[in-house]
Amino acid sequence: MVIGRHIQTLPVHQRRRLAEAFDTGELPDRPGRTALRSALTLRGNVDGLLGDLSEDLADLARVGITGRAVAAWVRSVDEASAGVPSPDLVWSGPEVPGLPARDTRRVYEELFDGAKRSVWVSTYAYFDGPQAFAHLAQRLDDSPGLRVTILLNIQRARGDTTAADQLVRRFTNQFWGKDWPGSSKPAVYYDPRSLDPSGPSGVLHAKAVVVDDEAVFVTSANLTEAALDRNIELGVLIRHRVLATSVANHFQGLIDTHLLSPLPTS
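Residues numbered from 1 in each chain as written. Predicted model: local features only at pLDDT ≥ 70, side-chain atom pairs only at ≥ 80, totals over all residues. Heavy atoms only, no water.

J.: Is there a simple way to think about the overall build of the protein chain in this case?
T.: When helices and strands are counted, the protein chain shows 11 helices and 9 strands. For the C-alpha atoms alone, the extent of the protein chain along its principal axes is close to 70 × 35 × 35 Å. The 266 residues of the protein chain split such that 44% are buried. Contacts in the protein chain between residues at least 24 apart in sequence constitute 71% of all its contacts with a sequence separation of at least 6. By element, 53% of the accessible surface of the protein chain is carried by carbon and sulfur atoms, the whole surface being about 13800 Å². (Helix = DSSP H or I, 4+ residues; strand = E, 2+ residues; numbered from the N terminus. Buried < 20%, exposed > 50% of the residue type's maximum accessible area, 1.4 Å probe, protein only. Contact = heavy atoms within 4.5 Å. Areas by Shrake-Rupley, 256 points an atom, 1.4 Å probe, with all protein chains shown as cover.)

Here it is, written out as structure tokens:
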């Protein structure tokens, strides 16, 4: 039997919250289900999860680990696996009772809020630019030293024979004039293959965020209200420097080899 196996499979943010609650005394040495639900801000029918956590805590208590010692045990387990990526599943859409998961919109906002040096954002589509980019634009305005790079897809409507440079100009005017809500401008790049008048030979379809070369979030969700809140979308958030740097370097390589083109700034 693996002691504490259900605690170990909690999302990272919930493990940290559990440890903090024991450290501060918010949770007693032997917490009941109601106290656990409150400390972890669990919603809906989570009786199965609460039962599993209670079982884990009972197992730990039998070997003398209670209260603040649980917090120390949780942190020691996390430290022991520090070199291994610890993914959080991130979902949009209806919640499934008893299955803890992170929320797509909240993860986007938390990543942007915590960014100190750099943010990469890649998305295939967005709707309502002022709302979609509001959080990121505010963070950029508040942090002059932050480097923000956005990778977008410019779509050619079916049957549209407009020259590619005119489509880029149209998109540029729309993006800076109406879609981007901040006063500071990010660097923006697009995939020129999507503008091939004979039909796209390929498009930028990746949906991902990389922050400070330390955290990477890969998701099926575009930057749209439906994808962030209503659709069933799935993503993985991993805080791992090697993986995050690898994704950022690949994006930079696409730019350096001119496979992605810069959007004019005006």
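J.: Please clarify how the sheet that holds strand E8 (residues 233-239) should be interpreted in this entry.
T.: Backbone hydrogen bonds hold the strands of a sheet together, and the pairing may be parallel or antiparallel. With respect to topology, 9 strands assemble into an open sheet ordered E2-E1-E8-E7-E6-E3-E4-E5-E9, the strand pairing being mixed. Every interior strand has two partners, whereas the edge strands, strand E2 (102-103) and strand E9 (261-262), have only one. The pairing of strand E3 (residues 118-122) with strand E6 (residues 208-211) spans 4 bridges and is antiparallel. For Ser122, the partnering residue across the bridge sits in E6 and is Ala208. Each of E3, strand E4 (147-152), strand E5 (187-190), E6, strand E7 (215-219) and E8 is contacted by helix H11 (residues 241-256), which is oriented at about 65° to E3, the strand it contacts most. (Pairing = 2+ DSSP bridges. Axes fitted to C-alpha atoms, helices over the stretch in contact; angles between N-to-C directions.)

J.: I would appreciate a short explanation of the side chain of Glu233 in the present structure.
T.: Considering the arrangement of structural elements, one finds Glu233 in strand E8. Here Glu233 is buried and forms no salt bridge, its nearest opposite-charge partner Lys207 lying at an N-O distance of 7.0 Å. Within the structure, the side chain of Glu233 is placed 2.5 Å from the side chain of Ser220, a separation counted as a polar contact. The contacts of Glu233, once residues within four sequence positions are left out, are Val90, Trp91, Ser92, Ser220, Ala221 and Ala227. (Lys, Arg positive; Asp, Glu negative; His and termini not counted. Salt bridge = Lys/Arg side-chain N within 4 Å of Asp/Glu carboxyl O. Polar contact = N/O pair within 3.5 Å; in protein donor to acceptor, adjacent residues only side chain to side chain.)

J.: Teacher, can you tell me more about the environment of Lys185 here?
T.: Mapped onto the fold, Lys185 is located in the loop between helix H9 (164-179) and E5. For Lys185, the side chain forms a polar contact with the main-chain oxygen of Thr265, separated by 2.3 Å.

J.: Looking at this model, I keep getting lost on the environment of Ala69. Mind explaining?
T.: Tracing the chain through its elements places Ala69 in helix H5 (residues 68-80). Accessibility expressed as a relative area gives 34% for Ala69, which makes it partly exposed.

J.: Quick question: what am I supposed to make of the nonpolar core here?
T.: Considering soluble globular proteins, one finds that nonpolar side chains tend to be buried as a cluster. Val119, Phe133, Ile150, Phe175, Trp180, Val209 and Leu263 are the most contacted members of the largest nonpolar core, which has 36 residues in total. Looking at this core, the elements that each hand over two or more residues are helix H6 (104-114), E3, helix H8 (134-142), E4, H9, E5, E6 and E7. Sorting elements by how many residues they give to this core places H9 first, with 5 residues. Each residue touching Val209, except ones within four places of it in the same chain, is listed here: Tyr108, Leu111, Phe112, Val119, Trp120, Val121, Ala215, Val216 and Phe217. Counting 22 residues, the second-largest nonpolar core is a separate cluster that includes Ala19, Phe22, Leu53 and Leu57. (Core = buried A, V, L, I, M, F, W, Y, C linked by side-chain atoms within 4.5 Å.)

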